[in-house]
Each structure stands twice: as C-alpha cells, then as structure tokens.
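Residue-level structure breakdown
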Amino acid sequence: MPEGRIIRLVDDRARIVEDAWTLFEDGAAWSGEPSALIPVATALEQPQRLLAAAPAGVWLSPTDEPAQVVPLFASIELIAVRFPVLGDGRGYSTAALLRNRHGWRGELRAIGDVLRDQLFFMRRVGFDSFVLRADRNIEEAVASLSDFTDSYQGSVEPALPAFRRLDWSSTR
Amino acid sequence: MYRYTEFDQRMVDERVEQYRDQVARYLRGELTDDEFRPLRLRNGLYIQRHAPMLRLAIPYGLLSAHQMRMLAHVARTWDRGYGHFTTRQNIQFNWPRLEDSPDILQALATVQMHAIQTSGNCVRNITTDPMAGVAPDEQVDPRPYSELVRQWSTFHPEFSWLPRKFKIALTGASGVDRAATAMHDIGLYLRRDDTGAVVVDVLAGGGMGRTPVVGTIIRRDLPWQHVLSYCEAILRVYNRTGRRDNLHKARIKILLRSLGAEQFTREVDSEFAHLEGGPATVTEAELARIATGFEAPPYRRLTVDPDHLQGQLASHPGFARWHARNVSAHRVPGYAAVTLSLKRPGTAPGDLDAERMDAVAHLAEHFSFGGLRVTHEQNLVLADVAQQELFDLWSELRALGLATPNVGLLTDIVCCPGGDFCSLANAKSLPIAQAIQERFDEADYVHDLGDLTLNISGCINSCGHHHVGNIGILGVDKQGAEFYQITLGGDVGPEPASTRVGTVIGPSFSAGQVPDAIAAIVDRYVALRTPEERFIDTLLRAGLAPFKSAAYAVPGVAHAESESLEHA
C-alpha cells in the first residue's frame, strides 16, 4: 500500500506531501505494477519488466552495494535506502556514495526507522525525501531538517567543507 | 588556543537548543528510553548509579583559565562541588540532574565549551600530547591538526552512527608518545620528512577494551593536506563493513584483524583513491587560519640562572623532589612545563574541587599565560612557567595540596570512577587506588622506585587504561563478588612497535590482597633491578615469572588462586 504522507524537499524547502509509491518487501510478489518500490535484487533480476513498469523505484538494505544500482539508473525514478534501526548508520554511506560517486540525481529516500533527530544528517548525505516512522508527528519533525545553520565538513549537501565555501574573515 | 568564530559559536549554540528540545521531548514521553539513549549519550549524558553523569569535552586537553572558572561554576551550581578529569582529557560531573543538563550546556557554550560527541557510537573528543607546542622533543605541533580533525568530525553526517565509539589521537613528538596514540582507532603520527614538510604516519585499529590491540601503521608519509581525506576513507570502510551484530566485536580493531592488515589497507587505499585531492584536502590557508590560535604566547627573554635554581633545590628538599618529578623541559630557554598532580593521597585520582579549580585558574593566569592542559594520566599542566618563578608556584601549589611530587611514580595512579559511580563497572576502583596510595605512603621509597605506571579500571571497558600500565589492575565480577586481575608489562612506547599490552599474571585477587600483591611485585623489582633499570626494563629482562611468584606468595592469596581456578 502507498506510504501516505512523507517529507519531500522541493527546491530545498521541506514539504509534507501525499506519496503514491508502494513498498514491496523482500519476497513480496511484484508482477510489474507501476509506482512500485522494489528490492534492488528483484529489479536486477527483471530489467525488462522494470522498464515497462514506469515509474519504478528500488530500495537498498544496508548491505546492498550502491554501485549495483548504477545500470538501473535509466529505468528508475526513485532510490530508497532502508534504515533497519536508528543506530545503523550504513545507509548514510550508501547515500553519500550514490550521490557523490555514482552521480544519482533522482529522488533519494530514507525509509525504515527514520526519526526526526536523524533528518539533518540524512539531508546532508543527499536524501531528499523521508518516510518518517508512522507513529511520529511529521509536522513537528520537519523542523529538525534545519537543526543547524551550517556544517564544517563537506558531504553531499553541501559538498564543500566550510573552509572552501566561506570567507572566514567575515564570520569572526 | 583556538578561538571560536561566529560560525563555531553558532554551531555550539544550536546544539544546546537541539539538545534542550530532545530532553524536553523525552520528559514529555515523546521519545522512549531506547530512542533517547543514543541522543543523550552523544551529548555525554550517562544515567549512572546515583545520578546522571555529564562528560564535557576538553578538545585535545586544552583549557583556558576562563573555562576552568566556568567548570568551577558548574561544579558549584549543578554538582556537588567537584569534577573528575578523565583519561580522555575530558571532565565528568557525577551529580547533575537530567533536567538541568541543557542549562549547564548553555552556560558552557558562553565559554566555547560543549559536550558534543563525548560518548556514543561516533567520533569522540580528539586527544593529543599535553606538552604540545612546548616540548623540546616535538617535531610538529599537533594542535592545529587536532583542531582540523575536531572540526571535520563534529556532526559528520556520514559518520555519526558508527558501529561503535571511535577515538582519534595525534602526536608530533619524537622518541616519546604522551597521548598513547597507538591505542586509538586512528592514530596520527605527525613528523617532518627530509624536506621539512609535515607528513603523517597513519595508524588504525588500536584500542583497549575487551580485546586490547596495539594499532597498525597502514600508511606512511601521507602529506598533511590529505589527513582528513584519509580519515574519511578509513571511517567509510569502517562504517560500511564494521560488525554491527555484536557490541563486543564492533570496534575497528576487530575489522582490521578479521580482514588482515593488508586487505584492510587495500580497501582503505582504494577508497582514498576516490577522495585524494577532493574537497576535504586541507588548504594552506585553512591550516594557517587555525594555527593562529596556537601561536606562542608572548614569552619573555629570560636569562637562565642555574645557580639560583641550584640554590633553591639544595635548600628545599621538598622543592627539589617536586622539581625532579613534576617539572619538564621547555623548548624556550628559561621556561618549564609544570604538572599539577591530581593524585594527592586521600582524594580520588583526577578529582578537583571547585575552590581548587578557581585557584588553578588564578595560577594559570599568574604563571602561565592563562593556559592549562589536561593529561591522559588525569593531571593538569601549566605549560609555560618561567623557571625563576617555579619556587613561588611550588609554594602556592603546596598550599593547595597540588604539589604532590609523584608524576610518573607508582602513586600517580590512573583510575576510572569505577563501581562507586559508574553503572558499567564490575568493581570499585577508587578504594583500590586509595589502598595502594596508603600502602605506599613513604615518599622516599616511592621516589626511589622511579618511573612506574599503575592503572586501574573498574571494568573491561578500560577507562583506566590498565592494559598499558606497567602494572594494571582490572576489576572483575565473580558471582557477585568484586575481584581484581593484575596485569604486568603494559607500556606506551614512542611508536606502535614499542607499545605493549600487559599480560594477566594469573587468578584474580580480593580487594584486600591487592596492595600486598603490588608491594610484593615492587619488592621483587627492587631485588632484581640494576641501577639504571626502570620497573618496566627489569620486567622485560627478567620476565613475568619472578614477579608472578612474588605476588602469589603473599599470605592468603593461595586461597583466591585455588578458588578462582575452580571457576576457570
């Protein structure tokens, strides 16, 4: 079933929007329905069906290698990265690699155990949509996307560290 | 020291607000205990036996007099009038209320202090040589590089939810390592190559804990500009492939061991190949900007008058003893670095009360350009004292009880808070430290023993760094009773190859037996040593056996031995 309301960055502004994608868990039967978010392994097994199912999306678990999605880039509109538990930080590296190394420019979504205190970090590694855990207040969570005005180190957003972006003499 | 820009200040201020909101949400029941735990931990707040414990960051151990006064204020206002300096160059307060913790942090932010990443599975406070910038043996001042790494690792979006805690240390000294660099997840050895350029030998996979490991140098001669990119490569390999299924196997040392150093290095290097020369490459301008915070204080041109000092030493044996142990050489003629021992008999190692914090702040301003450092041995350093003022400083320190002449001696015990405070501990550690202090109350004897490190940890988390003590003591729990394992031969050498983890000598001892066992070990050293040998030298020459037999010959110990063998 569709996710319901999610947070999406539109022109860098956070919006709460209705979402039409349907998540297919591992092992769930997918018979080519469109607007399906399917496991990356399923997508790799059925490239032709994926092409026909537009719009299509894949999701990665923490152990899935992001490089394997690259051949699918042309057939998909959405990549989601799953955070099985709050403390599992592998998905942050997955996102940073998809954006900075593999050049994914489409929508990148955080799913799973997504709570508001992770949102600032998730935004910085390149996520631009967030499916907050269903039991949480999505309106309040949006505020955490801007917990901090700026950052020291480069990542995806922004890519450059502060010392390459700012004129320190004017910030003293 | 590094002075915050508006940029730095805003980040700390925003962190206070973020944390205040997290605490409020927790108190309103909007965050469960499990959800709040990682949030409070990465802000240094533990839930302890009696009250929460709040650990504050002292980046690479550097503290101003002004900041020390704020610590005194925190101790008086929100705690019970004292704080505990830790083996990670931080300070902990043992009695704050959770509800007050946002206000404490707000107060600290006014003096450019915080509790960011002092716990949790993230990059922790950066540590370095407390003699940085003043030691004559220094090749490279590690402080600007430490600040670079501090900034890079602060709220790093990709590496804030690691498999386990992650500790980075830097050293720039040669022939000595005052930061135990080899025992860190990443150790950065700064030195100069033949052309005078700063290069870095990068170590990975060191750590204490359940599986103590001396780290491995995985990259030599890395140009300093790449230090952040290389750290990024290591952290990315660790974040992606470090184990997350078992808390005890999640440190990077286990990953390095399971892959093998060669394979691990290959993976890091292939990651670094993507990052080399990228945005994280440090610019000359940025290093220079940060380095201005660490410029030398306005030293006076001092005439060195050895006769005057010799006269003072000759006529005041107490001053002479203190001078021999607590005063170190300085690169600037006429100056010295002074270590304030926080190991006064009768007080817990590393503890300092608010009155003394204020007094130390005053002394720092009067004698040492307002600067202070915290050592990983839980002492304080006034790094820039004019030699001609040493006697006056000593007199003032003596009045405060901060002139105990035992730096580097047996009674300079490094000790975690242990079971009296810490909910992780298996056993109490402070009473053991006190019992050993009392057993060795003869200053002449302790002085004669010379260099000897003794470290006590209340549990295998090893906050007391017992693995690298010449004598290490570890509290263990045996069916609800507290026992103590003794290790011998730990040592922090100038490089990984000469850094050693101690060996457990055998079954554990009861609390009452520990001082006698230590005394027997030390007596055996006195009997075996040659005139030039330190304790560790004799131990390495003679081997464990004679020390072990001495320890287990102590009356009453045989019982513990047979008992623990039954449980083995």
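A brief report on the enclosed structure follows. Being a predicted model, the structure only gives us computed values, none of them experimental. Residue positions within a chain follow its written sequence, with the count starting from 1. Each chain takes a letter, starting from A, and each ligand takes a number, starting from 1, following the order in which they are written. Totals for whole chains, interfaces and linings use every residue, but because this is a predicted model, local features are given only for residues with pLDDT of at least 70 and side-chain atom pairs only at 80 or more, for both listing and counting.

**Here's the deal with the overall build of chain A**
So the rule is basically this: The helix and strand labels rest on DSSP assignments: H or I over at least four residues marks a helix, E over at least two residues marks a strand, and numbering proceeds from the N terminus. Note on method: radius of gyration uses C-alpha positions; expected globular size equals 2.2 Å times residues raised to 0.38. Exposed residues have 12 or fewer other C-beta atoms within 10 Å of their own C-beta, buried residues have 20 or more, and partly exposed residues fall in between, where C-beta atoms are placed from the backbone.
A count of helical and extended segments in chain A gives six helices and seven strands. Ordered by position from N to C terminus, the α and β elements of chain A give β-β-β-α-α-β-β-α-β-α-β-α-α. Relative to the 2.2 N^0.38 estimate, which gives 16 Å for 172 residues, the radius of gyration of chain A is 17 Å and therefore close to what a compact globule would have. C-alpha atoms of chain A, sized along the principal axes, occupy 60 × 35 × 30 Å. By residue count, 40% of the 172 residues in chain A fall in the buried class.

**What to know about unusual backbone geometry**
Cis geometry is found at the peptide bond from A:Ala54 to A:Pro55, where omega equals -5°. The phi torsion at B:Asp221 lies on the positive side, around 60°, for a residue other than glycine. Relative to the helices and strands, B:Asp221 is located in strand S10 (residues 216–223). Positive phi, normally seen in glycine, also occurs at B:Ser462, with a value near 70°. Summarising the element assignment, B:Ser462 is placed in the loop between strand S17 (454–457) and strand S18 (471–478).

**Side note on the nonpolar core**
Test applied: Any set of buried Ala, Val, Leu, Ile, Met, Phe, Trp, Tyr and Cys residues joined through C-beta atoms within 7 Å is what this text calls a nonpolar core. Note on contacts: each residue gets a C-beta atom placed from the backbone, and two residues are in contact if those atoms are within 7 Å.
The biggest cluster of nonpolar side chains holds 210 residues, and the ones touching the most others in it are A:Phe130, B:Met68 and B:Ile234. For this core, the element with the most residues is helix H6 (residues 227–241) of chain B, which contributes nine residues. Ignoring anything within four residues of it in the chain, the contact list for B:Ile234 reads B:Ile186, B:Ala204 and B:Val268.

**Concerning the sheet that holds strand S11 (residues 327–329) of chain B**
All names here are of chain B. Where we set the bar: For two strands to be treated as a pair, DSSP must find no fewer than two bridges joining them. Axis geometry follows a simple rule: fit a line to the C-alpha atoms, using only the stretch in contact for helices, then measure angles between N-to-C directions, giving values from 0 to 180 degrees.
Taken together, five strands build an open sheet; the order of strands is S3-S14-S15-S12-S11 and the sheet is antiparallel. Each of the sheet's edge strands pairs with one partner strand only, and the pair in question is strand S3 (62–64) and S11. The mean inter-strand angle of the sheet, taken between neighbouring strand axes irrespective of direction, is 35°. As defined by bridge partners, S11 adjoins strand S12 (residues 335–340) across three bridges and the pair is classed as antiparallel. Bridged to serine 328 within S12 is alanine 337. Sheet strands in contact with helix H3 (residues 65–78) are S3 and strand S14 (371–374), and its direction is about 85° off that of S3.

**Some details on the sheet that holds strand S13 (residues 351–353) of chain B**
Residue and element names in this part refer to chain B. Within the open sheet, the five strands sit side by side as S1-S2-S5-S4-S13. Their pairing is antiparallel. The open sheet is flanked by strand S1 (45–47) and S13, the only strands paired with a single partner. Each strand of the sheet is rotated relative to its neighbour by a mean of 30°, with strand direction disregarded. Where strand S2 (residues 52–56) meets strand S5 (residues 91–93), three bridges bridge the pair, whose relative direction is antiparallel. Bridged to leucine 56 within S5 is isoleucine 91.

**Some thoughts on helix H17 (residues 535–542) of chain B**
Residues and elements named next belong to chain B. The line we're drawing: To be clear, the arc concerns the directions from the helix axis to the C-beta atoms.
Inspection of H17 places Phe535, Ile536 and Leu539 among the buried residues, and these make up the whole buried set. Buried positions in H17, seen along its axis, are confined to an arc of 95° and lie on one side of it. Against the buried residues of H17 lie helix H15 (443–449), strand S19 (481–488), helix H16 (514–528) and helix H18 (545–552). Just beyond H17, the residue with positive phi is glycine 543, at close to 85°.

**What about the interface of chain A and chain B?**
Quick reminder of the rule: Classification used: nonpolar for Ala, Val, Leu, Ile, Met, Phe, Trp, Tyr, Cys and Pro, charged for Asp, Glu, Lys and Arg, polar for all others including Gly.
Each partner contributes to the interface: chain A provides 33 residues, whereas chain B provides 32 residues. When contributions to the side of chain A that touches chain B are tallied by element, the ones reaching two or more residues are helix H3 (90–101), helix H4 (119–124) and helix H6 (162–165) of chain A. Counting residues per element, the side of chain A that touches chain B draws most heavily on H3(A), which supplies five residues. Within the side of chain A that touches chain B, the residues separate by chemical class into 15 nonpolar, nine polar and nine charged.

**Here's the deal with the packing of helix H14 (residues 430–439) of chain B against H16(B)**
Residue and element names in this part refer to chain B. The condition is simple: Here the word oblique covers every angle except those under 35 degrees (roughly parallel), over 145 (roughly antiparallel) and from 65 to 115 (roughly perpendicular). The crossing is said to be left-handed when, going from far helix to near helix, the turn is anticlockwise and less than a right angle, and right-handed when the turn is clockwise.
Where H14 contacts H16, the two axes come as close as 9 Å, and the packing angle between them is 50°. Here H14 lies oblique to H16, going by the angle between them. For the pair H14 and H16, the crossing hand works out as right-handed. Contact residues: Ile432, Ala435, Ile436 and Arg439 in H14; Val514, Pro515, Ile518 and Ala519 in H16.

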